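For reference, the chains in residue letters:
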Number of protein chains: 2
Amino acid sequence: MNSEDGRRRVVIEDPTPAIDGGRFPIKRTIGDLVTVEVDAFSDGHDLLSCALLFRKEEETAPNWRSVPMTALGNDRWRGVFPAAELGRYRYSFLAWVDAFRTWVRDLEKRVAAGQDCRVDFLIGADFVEEAARRATGDDSTALARHAAVLREGAVSPTPLPPDLLSLMATHGDRRFAVHHDPGLAVVVDRERARFSTWYELFPRSTGGPGRHGTLRDVAERLPYVAAMGFDVLYLPPIHPIGHDHRKGRNNSVTAGPNDPGSPWAIGSSEGGHTGLHPALGTFDDLHRLIQAAQEHSIELALDLALQCSPDHPYVQQHPEWFRRRPDGTVQYAENPPKKYEDIYPFDFESESFGELWEELRRVVLFWIEHGVRIFRVDNPHTKPFPFWEWLIGEIKRVYPDVIFLAEAFTRPKVMNRLAKLGFSQSYTYFTWRNTREELTRYFTDLATPQMREFFRPNLWPNTPDILPEYLQLGGRPAFAARLVMAATLGASYGIYGPAFELCENTPVASGKEEYLDSEKYQHRPHTLDELDRPESLRRLIARMNRVRRENPALQRDEALRFHPVSNDQLIAYSKSSLDGNNVVLVIVNLDPHHAHSGWVELPLGELGLAADQPYQVHDLLSDARYLWHGARNFVELHPEVVPAHLFRLRRRVRTERDFEYFL
Amino acid sequence: MNSEDGRRRVVIEDPTPAIDGGRFPIKRTIGDLVTVEVDAFSDGHDLLSCALLFRKEEETAPNWRSVPMTALGNDRWRGVFPAAELGRYRYSFLAWVDAFRTWVRDLEKRVAAGQDCRVDFLIGADFVEEAARRATGDDSTALARHAAVLREGAVSPTPLPPDLLSLMATHGDRRFAVHHDPGLAVVVDRERARFSTWYELFPRSTGGPGRHGTLRDVAERLPYVAAMGFDVLYLPPIHPIGHDHRKGRNNSVTAGPNDPGSPWAIGSSEGGHTGLHPALGTFDDLHRLIQAAQEHSIELALDLALQCSPDHPYVQQHPEWFRRRPDGTVQYAENPPKKYEDIYPFDFESESFGELWEELRRVVLFWIEHGVRIFRVDNPHTKPFPFWEWLIGEIKRVYPDVIFLAEAFTRPKVMNRLAKLGFSQSYTYFTWRNTREELTRYFTDLATPQMREFFRPNLWPNTPDILPEYLQLGGRPAFAARLVMAATLGASYGIYGPAFELCENTPVASGKEEYLDSEKYQHRPHTLDELDRPESLRRLIARMNRVRRENPALQRDEALRFHPVSNDQLIAYSKSSLDGNNVVLVIVNLDPHHAHSGWVELPLGELGLAADQPYQVHDLLSDARYLWHGARNFVELHPEVVPAHLFRLRRRVRTERDFEYFL
């Protein structure tokens, strides 16, 4: 027991938000307000004062900025600070028994009861005199003058002079203040970490018939991508591809002479994780692509797949980073009885793991120095958690604008851990949530106060690995429905194209989720004619993404609410902007084969609508406008047209001249 | 980053139960099982093993005992250890990637798929050889033999020999095991901390008319108390009472010459907190009282009121323990504008707080050495939390059988903090919860998994300070109803007698909760004739307490469930024993003035009853038995008889000879 600690009477506990008791930072984007609450109380009946302390992590501890916290009742306090800069903030709490404020409160009661307060004034004078000794300059002089007045009893009892109260708030006795230790942290990312629209394509498919696409071809594809409104263009690995055990078409174990191999089988004699596949072009081409993308407000995202093909240079240069089998061969990837002999995983239990970690950091920094700021991380759940926490921490300490998307489709606690330890965004189970009940339950879970503080969902209706059964069987209406839901249930979403917008829906075999003739293993050039096919969803996608840019409600995930519909093939939900002025109501027909109708029930008050006033629902996809009355309204959706309404709710406003319109 | 830590791939998190992330111990009573759960997982697809470690706190860390934990699915693990001894246990978790178990699992799949496993056997042989090097003696020899068999490939592939699996469970590789730090704690109390029945009386009232009662008189009152079935006899402070500013009858500011003063105004020239009021007798009398009580299975509880009268010896001997006012006087207790000039609080912010703490510990140890093991602590919420945590910790480290009851009627978070930091039992708001909704909400809150781990309610329908309005207005039926609820809603409860059993219900003034002519300020001798009045509740109390002793369901608070009744003047709830064999259903008429009837609805399955079988409800108060069918049954309660049913539920059992009875 420290000689002071016994006199520190205040308890500070249960700060919120907090991830695992503060073990991990919460997440915000720049410009957000960080609103935090905490319990603070002491024994007895004295009044407390409570301050919220905050600083950038790189600043040293004495440089806390301090804002007063407000008592909410029931010993709960709230404070707010702005997430003004990228990077990490630390924040903490300071609370103390405020003897002076307690004295003021009690004095008012004594005066009201007509008691003799002469001794009480002397007690107050002592407090103020002590404060005068702690203060300097004008404050000290002013406090000393107040103390003298109190000591003479020459003051009119209450209210006390406002400047005395404010001087005492600054110079009051905080000897026994309790500092909440070790405090908490918040990571402040740029806006794209929260609100982003991804398009994935295989660069080698952009070359036209018979020609390996290049980064220059990708640059020429940018107007097509930009016209659909995407702001992140994600490329699968662009490194040299291994030859040893290369996979052939449709994942066959032997490759034909012209088969290009999977881009995820990284490394050959031509280079490894810092190499560029020669057929894709040069680093100059990459720089030009990044530049050209920027001109379309598109950012390039690269793949980070930490594994090697058998002919990756690391295998020769760093045999200690791989596990050796008793027969002298290197251990390939396995999921027994399946064998993936074209992939060597790193051995993160190697004694040389430190050098391995450093090398992988060097790889990430290499691409950052080439202008890449977004990484989609392949299978992060098969590498150790401490590695990711270290790597992401190291990178973001220097480059706080870097975004990492975790491609982990695995057990919930593993996915959550990756998000907690630093991944900016996460793939989700959305891909397999199809019924109203599944979708409602899953997105209600993701929106719980606990989850949303660290887990930023990025919704993908398809990926090169996953053509879900719903898309296989539902055709174009299914693609349209999944698009609308991905784009509205998630502030971030992405599609793998052009397979998605062209509604490619043929699996490698019945009951399988892999694509037939997947681009992962063979050339699948997409011609401009093909991209222009009338059944392409690209116009709907463009419309959808414009609506996202224009409606702040769709740029955050916090205020998602599901609403009852009388037909369980229809799902209805709304999102609201932080200020409540922008409310979007989405209704989707989940059945790709039949029209469905039903009654939607809205909580009008929660959505800022009056129960007795008509309101307008403005369909941002079709531009149709309907006048709705009351909580229950009828909807009907035909899958072959557009299987969704995307309503902006508009309140009726009456001007001074009695002109009505809907805002 | 420690050179090993990067290779520790396992995460251990979210242990339950845990109070504030493990900051405070959970509570159990001796003989309980401590069942704990935790998340443990790693990256990838390897199997983990997980152990629960536990030890008495006084044992040093290497002496952990270890029991294996069971995987529950979804990365959750469960383990159990017995709370075999009084005192504190620490417990923790150890989890590791179990390479050998993973190898076994994968081998079985490879064998099933008909693969060539020769290299896999060599990998297994390496694991077993390494284990042989870690083991000693017979284990080492046996492991080496197994390794050789595997290396020769001469083993029939699967299943592997059971003794190999069990040897590897002991000697497998735990180099990178993760130890959950700093672990958690559980306080193991004796049973009375969980299940206790309290009777409070003023010793000075036991003397008969015109005579100050003594501890010998209290001893003579024991058969009366024992006949009602109480097992704790709690006496308000028995120390010398101050003369300075002594309060008179009905809390008047001036005492008459014969007014005895409040026992809570502790200390005079005759002694302080280690003194005995001369009129009560001698320490020999006290020892004899404790002895006599034990013979009735009753334990004596004393009051711990850490405050002084102005003429307490401490005031002269330790002026530094009190706050001084500017006019040189000592600061008395206040709740402005109210003044309590007969009470001087200790100044826990004194620079000499260390000596004050030590002295107060000496006081508690003094009474412990005189045979007292239960303390009812007066107003603990007006003394600092760090003091209580230190004091209770220090005392229970040496005397783990000591029980502290916190008399704190204050804000919820303050009450909770006191319970967390060590108080064994706590007064509650039961005293003011009267309607069905109030009672249901309050006791549902107390029974949440979080609360029940640290907060043991002790329910008091009255105290010397509190005669609730419900008792004032409801007369004898109200007292009976509150008795039944206190005795069944709480595994611990108490009454202040004989005011309670005699149904004294006159307040000092209308709208006040204080008793008229309260024993706190004047002599109120209770004659044996008075105690024998026919309207006394003592027979009901005796019956009630016998039922509590005979029904394990009423001895714990965990399995409390409320049940719907069609009349909201009736409240119904049940409690079950841990094994589910003892189920008690309580139905109380909350209206002391009118008979009420209604339909009670029971969740038969949860209570172990079959929906299609009749069952017996046996009223343990009236001994009546009824045959009930199905979930809904009719009840009617007349307040002037007994305003409650206290049913034991009895299942129908059919013997081999087709004889039916109810168990």
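Look above for the structure.
In this text the structure is predicted, and so the values were computed from the model without any measurement.

### Things to note about the relation of the copies chain B and chain A
Next up, step 1: Structural alignment of chain B on chain A gives an RMSD of 0.0 Å, achieved by rotating through 180° and translating 0.0 Å along the axis. Expressed as a symmetry operation, the mapping of one chain copy onto the other fits a two-fold axis. For chain B, the minimum C-alpha distance to the rotation axis belongs to Gly21 of chain B and amounts to 3.4 Å.
Next up, step 2: A shared binding surface is used by both copies, with 100% of the interface residues of chain B retained as interface residues in chain A.

### Considering the nonpolar core
Next up, step 1: With 156 residues, the main nonpolar core has Tyr91, Leu235, Phe346, Phe443, Leu489 and Val588 of chain B as its most contacted residues.
Next up, step 2: Looking at this core, the element that brings in the most residues is helix α13 (residues 469-489) of chain B, giving 12 residues.
Next up, step 3: Beyond its immediate chain neighbours, meaning those up to four positions away, Leu489 of chain B contacts Phe430, Leu439, Phe443, Leu459, Asp557, Leu560, Phe562, Tyr573 and Lys575 of chain B.
Next up, step 4: Core analysis: the second largest hydrophobic core is formed by 155 residues, Phe346, Ile403, Phe404 and Leu531 of chain A among them.

### Side note on the pairing of strand β29 (residues 632-637) of chain B
Residues and elements named next belong to chain B.
Next up, step 1: In β29, alternate side chains face the same way, and those of Asn633, Val635 and Leu637 are buried while those of Arg632, Phe634 and Glu636 on the opposite face are not.
Next up, step 2: As paired strands, strand β26 (residues 596-601) and β29 are joined by six bridges and run antiparallel to one another. Bridge pairing in β29 places Trp599 opposite Phe634.

### Focus on the side chain of Ser92 of chain A
Residue and element names in this part refer to chain A.
Next up, step 1: Mapped onto the elements of the fold, Ser92 is located in strand β8 (residues 87-97).
Next up, step 2: At 2.9 Å, the side chain of Ser92 and the side chain of His179 are in polar contact.
Next up, step 3: A polar atom in the side chain of Ser92 sits 2.6 Å from the backbone oxygen of His180.
Next up, step 4: For Ser92, the residues in contact, after removing those within four places along its chain, are Ala51, Leu52, Leu53, Trp64, His179, His180 and Gly183.

### What to know about the sheet that holds strand β3 (residues 33-42) of chain B
Next up, step 1: On the basis of which strands lie adjacent, the open sheet formed by four strands has the order β1-β3-β7-β6 (chain B) and antiparallel pairing. The sheet terminates laterally at β1 (10-16) and β6 (70-73) of chain B, the two strands that pair on one side only. Averaged over all neighbouring strand pairs, the angle between strand axes comes to 35°, with direction disregarded.
Next up, step 2: Here helix α10 (residues 412-421) of chain A sits on the sheet and contacts β1, β3 and β7 (76-82) of chain B; the angle it forms with β3 of chain B, its principal contact strand, is near 70°.

### Concerning the packing of aromatic side chains
Residue and element names in this part refer to chain A.
Next up, step 1: Taken as a whole, this structure holds 88 aromatic pairs over all chains when the rule is applied.
Next up, step 2: With a centroid separation of 6.1 Å and an interplanar angle of 75°, the aromatic rings of Phe202 and Trp264 are classed as edge-to-face. Taken as a pair, Phe202 in the loop between β11 (196-200) and α5 (215-227) and Trp264 in the loop between β12 (232-235) and α6 (283-295) lie far apart in primary sequence, 62 residues in all. In this pair, the class of Phe202 matches that of Trp264, namely buried.
Next up, step 3: Across the ring face of Tyr89, the terminal group of Lys56 is positioned such that the distance to the ring centre comes to 5.5 Å.

### Examining the sheet that holds strand β3 (residues 33-42) of chain A
Next up, step 1: Judged by pairing direction, the sheet is antiparallel, and its four strands sit side by side in the order β1-β3-β7-β6 (chain A) without closing on themselves. The sheet is open, and its two edges are formed by β1 (10-16) and β6 (70-73) of chain A, each paired on a single side. Each neighbouring strand pair of the sheet contributes to a mean axis angle of 35°, computed without reference to strand direction.
Next up, step 2: Note: β3 of chain A against strand β7 (residues 76-82) of chain A, seven bridges, orientation antiparallel. Among the inter-strand pairings, Glu37 of chain A is bridged to a residue of β7 of chain A, identified as Arg78 of chain A.
Next up, step 3: The sheet contacts of helix α10 (residues 412-421) of chain B involve β1, β3 and β7 of chain A, and relative to β3 of chain A the element is tilted by about 70°.

### Re empty space enclosed by the protein
To find the voids left in a structure, one rolls a probe of water-molecule size over its atoms.
Residues and elements named next belong to chain A.
Next up, step 1: Using the criterion set out here, one finds nine cavities of 30 Å³ or more in the structure.
Next up, step 2: Its boundaries defined by the atoms lining it, the largest cavity holds a volume of some 90 Å³.
Next up, step 3: Together, Phe202, Pro203, Arg204, His212, Pro236, Pro237, Ile241, Pro263, His277 and Leu280 line the largest cavity.
Next up, step 4: Of the residues contributing to the lining of the largest cavity, the split by class is seven nonpolar, two polar and one charged.

### Considering the interface of chain B and chain A
Next up, step 1: Each partner contributes residues to the interface: chain B has 57 residues there, and chain A has 57 residues.
Next up, step 2: Where chain B abuts chain A, roughly 5,000 Å² becomes buried across the two surfaces, and 57% of that area is made up of carbon and sulfur atoms.
Next up, step 3: Applying the counting criterion to the chain B and chain A interface returns 12 salt bridges.
Next up, step 4: With its nearest N and O atoms 2.7 Å apart, the salt bridge here joins Lys413 of chain A to Asp39 of chain B.

### Comments concerning the environment of Gly275 of chain A
Residue and element names in this part refer to chain A.
Next up, step 1: Position of Gly275 among the secondary structure elements: in the loop between β12 and α6.
Next up, step 2: Put simply, Gly275 and Val363 are 88 residues apart on the chain and 9.8 Å apart in space, counted from C-alpha to C-alpha.
Next up, step 3: Apart from the residues within four sequence positions on either side, Gly275 is in contact with Ile238, His239, Pro240 and Trp367.

### Focus: the side chain of Arg246 of chain B
Residue and element names in this part refer to chain B.
Next up, step 1: Counting through the fold element by element, Arg246 comes out in the loop between β12 (232-235) and α6 (283-295).
Next up, step 2: The side chain of Arg246 is buried and forms no salt bridge, while Glu270, the nearest opposite charge, is found at 6.4 Å.
Next up, step 3: Side-chain polar atoms of Arg246 contact the backbone oxygen of Pro260, separated by 3.4 Å.
Next up, step 4: Sequence-distant contacts of Arg246, that is, excluding residues within four places in its chain, are made with Ile241, Val253, Thr254, Ala255, Asp259, Pro260 and Gly261.

### A closer look at the pairing of strand β28 (residues 625-628) of chain B
Residues and elements named next belong to chain B.
Next up, step 1: With four bridges joining them, strand β27 (residues 615-619) and β28 adopt antiparallel strand pairing. Each residue of the ladder has a partner; that of Gln616, found in β28, is Leu627.
Next up, step 2: Connecting β27 to the antiparallel partner β28 that follows it, the hairpin turn spans five residues, and Asp623 within it adopts a positive phi of roughly 70°.

### Looking at the packing of helix α1 (residues 99-112) of chain A against helix α2 (residues 118-134) of chain A
Residue and element names in this part refer to chain A.
Next up, step 1: At a minimum axis distance of 11 Å, the contact between α1 and α2 shows a crossing angle of 160°. With respect to α2, the axis of α1 lies roughly antiparallel. Our pair here, α1 against α2, has a crossing hand that is left-handed. Residues Ala99, Phe100, Trp103, Leu107 and Arg110 of α1 form the contact with α2, whose participating residues are Asp120, Phe121, Ile123, Gly124, Phe127 and Val128.
Next up, step 2: Here the contact of α1 with α2 is composed, by residue class, of eight nonpolar, one polar and two charged.

Scoring rules and cut-offs
- Residues numbered from 1 in each chain as written.
- Chains lettered and ligands numbered in written order.
- Predicted model: local features only at pLDDT ≥ 70, side-chain atom pairs only at ≥ 80, totals over all residues.
- Heavy atoms only, no water.
- Least-squares fit on C-alpha atoms with pLDDT ≥ 70 in both.
- Contact = heavy atoms within 4.5 Å.
- Core = buried A, V, L, I, M, F, W, Y, C linked by side-chain atoms within 4.5 Å.
- Buried < 20%, exposed > 50% of the residue type's maximum accessible area, 1.4 Å probe, protein only.
- Helix = DSSP H or I, 4+ residues; strand = E, 2+ residues; numbered from the N terminus.
- Pairing = 2+ DSSP bridges.
- Polar contact = N/O pair within 3.5 Å; in protein donor to acceptor, adjacent residues only side chain to side chain.
- Axes fitted to C-alpha atoms, helices over the stretch in contact; angles between N-to-C directions.
- Phe/Tyr/Trp six-rings, centres within 6.5 Å; stacked < 30°, edge-to-face > 60°.
- Lys NZ or Arg CZ within 6 Å of the ring centre and 35° of its normal.
- 1 Å grid on protein atoms, 1.4 Å probe; cavity = no way out; pocket = protein on both sides within 12 Å on 5 of 7 lines; lining within 4 Å.
- Points joined across faces, edges and corners; volume = space filled by probe spheres on them.
- Nonpolar A, V, L, I, M, F, W, Y, C, P; charged D, E, K, R; others polar.
- Buried area = accessible area lost by both parts, 1.4 Å probe.
- Salt bridge = Lys/Arg side-chain N within 4 Å of Asp/Glu carboxyl O.
- Lys, Arg positive; Asp, Glu negative; His and termini not counted.
- Parallel < 35°, antiparallel > 145°, perpendicular 65-115°, else oblique.
- Left-handed = near helix turned anticlockwise from the far one by under 90°.

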